[in-house]
Amino acid sequence: MQIRCALVGMPGSGKSTIGRQLAHRAGVPFIDLDHRLEQTIGTSIRSYFEAEGEARFRDLEAQVLADVAQEPGGMVLSTGGGAVLRTESREALRQFGNVLYLRASPEEIYRRVKHDRTRPLLQVGNPMEKLRELYAVRDPLYRETAHYVIETGRPSVSTLVNMIMMQLEMAAGAQGAEG
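Calculation criteria
Residues numbered from 1 in each chain as written. Predicted model: local features only at pLDDT ≥ 70, side-chain atom pairs only at ≥ 80, totals over all residues. Heavy atoms only, no water. Helix = DSSP H or I, 4+ residues; strand = E, 2+ residues; numbered from the N terminus. Rg over C-alpha atoms; globule rule 2.2 N^0.38 Å. Buried < 20%, exposed > 50% of the residue type's maximum accessible area, 1.4 Å probe, protein only. Contact = heavy atoms within 4.5 Å. Areas by Shrake-Rupley, 256 points an atom, 1.4 Å probe, with all protein chains shown as cover. Lys, Arg positive; Asp, Glu negative; His and termini not counted. Charge placed at Lys NZ, Arg CZ, Asp CG, Glu CD. Polar contact = N/O pair within 3.5 Å; in protein donor to acceptor, adjacent residues only side chain to side chain. Pairing = 2+ DSSP bridges. Axes fitted to C-alpha atoms, helices over the stretch in contact; angles between N-to-C directions. Phe/Tyr/Trp six-rings, centres within 6.5 Å; stacked < 30°, edge-to-face > 60°. Parallel < 35°, antiparallel > 145°, perpendicular 65-115°, else oblique. Left-handed = near helix turned anticlockwise from the far one by under 90°. Nonpolar A, V, L, I, M, F, W, Y, C, P; charged D, E, K, R; others polar.

Broken down by element type, the chain carries eight helices and five strands. Listed N to C, the secondary structure of the chain is β-α-β-α-α-α-β-α-β-α-α-β-α in terms of helices and strands. For 179 residues, the compact-globule formula gives about 16 Å, and the C-alpha radius of gyration of the chain, at 16 Å, lands near that figure. Considered along the principal axes of its C-alpha atoms, the chain spans approximately 50 × 35 × 25 Å. Expressed as a percentage of its 179 residues, the buried residues of the chain come to 45%. The contacts in the chain between residues at least 6 apart in sequence include a share of 75% that link residues at least 24 apart. In the structure as shown, the chain presents an accessible area of about 9000 Å², 49% of it carried by carbon and sulfur atoms. Computed over 22 positive and 22 negative side-chain charges, the inter-centroid distance for the chain is 6 Å.

This is the structure:
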């Protein structure tokens, strides 16, 4: 079975960490959309965001996502937390392959990333309030986009990777039975 899936979720939900291990386990490439974007623009997302604004960044993100979605073969794609904000990006993700929403509560995310100074999102007066605001807007979009919701609260990364592999294998089996 060749895995082709995309991980969506809030910043700090584990997309990169779980995505790397999932790709390794499945023997397919891991693509981090944020890293691909930084290669494309030649600077950090944070710098680009500050210089060009969110609208220009989301335009570029949608284009790079569409390009990656056209690449053939198995892969695990980790998206940025805001990749679902554009309708065309949600559609590209759904066409790409299985979309997994790594769901974590704002409180859980804050516990994981409160000391991480590299996240522009949290460099605000009240990061917990900011996470709750983002979650309120994005959770329905993640749910709309995803084929599966994976709760990332307490299980270890390896347990989550095992859960995801089983979910994808069951999905592939069901699709094979239909065909």
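And the narrative resumes.
Glancing now at the side chain of Thr145. Its location among the elements puts Thr145 in helix H7 (residues 127–145). A polar side-chain atom of Thr145 sits 2.7 Å from the main-chain carbonyl oxygen of Leu141. Not counting residues within four places of it along the chain, the set of residues in contact with Thr145 comprises Val84, Arg90, Leu93, Arg94 and Val99.

Within the fold, Ala23 resides in helix H1 (residues 15–26). As a C-alpha pair, Ala23 and Cys5 span 18 residues in sequence and 9.5 Å in three-dimensional space. Contacts of Ala23, omitting those with residues within four sequence positions, involve Val28, Pro29, Phe30 and Val76.

Our next topic: the sheet that holds strand E4 (residues 98–103). Taken in spatial order, the five strands line up as E2-E3-E1-E4-E5 in an open sheet, and their pairing is parallel. A strand with exactly one partner marks an edge of an open sheet, and here the two such strands are strand E2 (30–32) and strand E5 (148–151). Pairwise comparison of adjacent strand axes, ignoring direction, gives a mean angle of 25 degrees for this sheet. Contacts from H1 reach strand E1 (4–8), E2, strand E3 (75–78) and E4 within the one sheet, and its direction differs from that of E2 by about 160 degrees. Sheet strands in contact with helix H2 (residues 33–41) are E2 and E3, and its direction is about 60 degrees off that of E2.

Attention shifts here to the pairing of E1. Most of E1 sits inside the fold, with four of its five residues counted as buried. Here E1 pairs with E4 via four bridges, running parallel. Following the sheet pairing, Ala6 is matched in E4 by Val99.

A separate point is the packing of aromatic side chains. Scanning the model with the defined rule gives three aromatic pairs in all. An angle of 55 degrees between the planes, with centres 5.3 Å apart, marks the rings of Phe49 and Phe57 as tilted. The partly exposed category is assigned to Phe49, whose relative accessible area is 31%. Taking the centre distance of 4.9 Å and the plane angle of 35 degrees together, the rings of Tyr101 and Tyr142 count as tilted. Remark: Tyr142 occurs in helix H7 and Tyr101 occurs in strand E4; sequence separation between them is 41 residues. These aromatic residues form a ring-pair network of at least three members: Tyr48, Phe49 and Phe57.

As a further point, take the packing of helix H4 (residues 54–70) against helix H5 (residues 87–96). Between H4 and H5, the least distance of the axes is 10 Å, while the angle of their chain directions is 15 degrees. Between H4 and H5, the angle falls in the class roughly parallel. Classified by chirality, the crossing of H5 by H4 is left-handed. Two secondary-structure elements touch here, H4 through Ala62, Leu65, Val68 and Ala69 and H5 through Glu88, Ser89, Ala92, Leu93 and Phe96. Of the residues assigned to the contact of H4 with H5, the class counts are seven nonpolar, one polar and one charged.

With respect to burial, E4 is a largely interior element, six of its six residues being buried. Both faces of E4 are covered, namely the face carrying Asn98, Leu100 and Leu102 and the face carrying Val99, Tyr101 and Arg103. Here E4 runs beside E5; their pairing, made up of four bridges, is parallel. Along E5, the bridge assignment pairs Arg103 with Glu151.

That is the geometry; function is a separate question.
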